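Each chain is listed here by its residues.
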Amino acid sequence: MRWDNLVENPTTAGDTALFGMSAVTTRTFDTPEFRGITFHEVRARSILNRVPGASRMPFEWTVNPYRGCTHACVYCFARKTHSYLDLDTGLGFDSQIVVKINAPELLRRQLASRQWQGAHVAMGTNVDCYQRAEGRYRLMPGIISALRDHANPFSILTKGTLILRDLDLLRQAAEVTEVGISVSVGFTDRELWRTVEAGTPSPERRLEVVRTLTDHGIGCGVLMAPVIPFLGDHPDQLRATVRAIAASGATSVTPLVLHLRPGAREWFMAWLTQHHPQLVRRYERLYAEGAYAPKWYQRRITRLVHELAAEFGIGPADRGVPRRIPMPPEPDPVRPEPTQLTLL
């Protein structure tokens, strides 16, 4: 495997290999939640990643403390990134997890640099920063603390319920900077969830996260992604999903149709062949032009979801942008009325 360009001090200036095995600690844990998973602990050279200019993403910088993801979503567009490390983009992506153990300290150092201008930082846009590994490695509290201490705006996208562990830190950060939180829920069909997102919390539990964040003053949008053609795009399915999102108190809903980039495409199509062989030809036609579904299909889904959002009283999608969240006033010092916050 190639590891060297992830480590703090490469052996030579011209070394182009990604990993040097002397810089990697490989661990396995014999506990039910981590059985069959291998963790590769590395010390990264940099943690702030610039997004390529040609990207469709609305942000320029990301932080990704992990590579690979135990959520095991069969459609995950990030699968291709594992091939850069000579790791398998299928089962290997689900079970070979790279952990940048120095991410919090490295981020704090980079944020303090004179070159850093305080740009918005997006997290969870490659692999989920609140996947199961975060429960053991606890990288996100240090990352959020660093962003808070530098009043640096940030956003988090997650399918994980573990974000509630860091609720107090998120509230503290929201006092001094713009914080945007979104939870990904593409559908509420439990059978579809079990087969395409096997390692994630259920859609119902994710929507409970939305409700909890909202109840504690942190507005939370829902990225309705992916809408999966012919499996999750029936009008009745879309209606059920948007209704549940509205009931959770989400500030916005933003639909995103499944896209199949190289790496993800092969893995998803293999899954489709096994589970829904009658749909293979339809997918080949729908995605004949590349990674994205045709514009007419994307527009149809967006229109339907926006109509349903209006029906169920969810605000327009642009309300889900990062914002500074006002904190409640301090209790009167003469007659204090302490409030105990709960996560669930």
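Everything below is about the structure printed above this text.
So, a few notes on the structure that sits alongside this text. Only a predicted model underlies this, so the values are computations on that prediction, with no experimental measurement involved. (Residues numbered from 1 in each chain as written. Predicted model: local features only at pLDDT ≥ 70, side-chain atom pairs only at ≥ 80, totals over all residues. Heavy atoms only, no water.)

## Re the sheet that holds strand E7 (residues 66–67)
One open sheet accounts for four strands, arranged E3-E4-E8-E7; its pairing is mixed. At either end of the open sheet lies a strand with only one pairing partner, and these are strand E3 (25–28) and E7. Where E3 and strand E4 (residues 38–42) come together, four bridges link them in antiparallel fashion. Across the sheet, threonine 25 pairs through a bridge with glutamate 41, a residue of E4. (Pairing = 2+ DSSP bridges. Helix = DSSP H or I, 4+ residues; strand = E, 2+ residues; numbered from the N terminus.)

## Focus: the packing of aromatic side chains
Tallied over the entire structure, the rule returns ten aromatic pairs. Linked through ring pairs, Phe230, Phe268, Trp271, Tyr283 and Tyr287 together constitute an aromatic cluster. Residue placement shows arginine 136 over the ring face of phenylalanine 29; its charged tip is 3.8 Å from the ring centre. Looking at arginine 282, its charged tip hangs above the ring of phenylalanine 230, at a distance of 3.9 Å from the centre. (Phe/Tyr/Trp six-rings, centres within 6.5 Å; stacked < 30°, edge-to-face > 60°. Lys NZ or Arg CZ within 6 Å of the ring centre and 35° of its normal.)

## Some remarks on the environment of cysteine 73
Within the element layout of this structure, cysteine 73 appears in the loop between E7 and helix H1 (80–83). A relative accessible area of 7% places cysteine 73 in the buried class. When the C-alpha atoms of cysteine 73 and phenylalanine 268 are compared, they prove to be 9.1 Å apart, with 195 residues separating the residues in sequence. Each residue touching cysteine 73, except ones within four places of it in the same chain, is listed here: Arg79, Lys159, Val196, Glu197 and Thr200. (Buried < 20%, exposed > 50% of the residue type's maximum accessible area, 1.4 Å probe, protein only. Contact = heavy atoms within 4.5 Å.)

## Re helix H9 (residues 235–247)
Here H9 spans 18 Å end to end across 13 residues, near enough to the 18 Å set by a 1.5 Å rise per residue. Looking at H9, one finds that the buried residues are Leu238, Thr241, Val242 and Ile245. Taken around the axis of H9, the buried residues stretch over an arc of 95°, which confines them to a single face. Exposed positions of H9 whose direction lies more than 90 degrees from the buried face are Asp236 and Ala247. Packed against the buried residues of H9 are helix H8 (203–215), strand E12 (220–227), strand E13 (253–257) and helix H12 (295–311). Once H9 ends, the next one or two residues include glycine 249, with phi positive near 90°. (Expected span 1.5 Å × (residues − 1). Arc of directions from axis to C-beta.)

## With respect to the sheet that holds strand E11 (residues 179–184)
Here we have seven strands laid out as an open sheet, ordered E5-E6-E9-E10-E11-E12-E13, and mixed in their pairing. In this open sheet, the two strands that pair with only one neighbour each are strand E5 (48–50) and E13. Going across the sheet, the axis of each strand differs from the next one's by a mean of 25°, ignoring polarity. Where E12 lies against E13, four bridges are found, and the strand directions are parallel. Residue valine 227 lies in a different strand from E13, and its bridge partner there is valine 257. Along the sheet, H9 makes contact with E12 and E13, crossing E12 at roughly 165°. Packing of H12 onto the sheet brings it into contact with E12 and E13, and relative to E13 it is tilted by some 160°. (Axes fitted to C-alpha atoms, helices over the stretch in contact; angles between N-to-C directions.)

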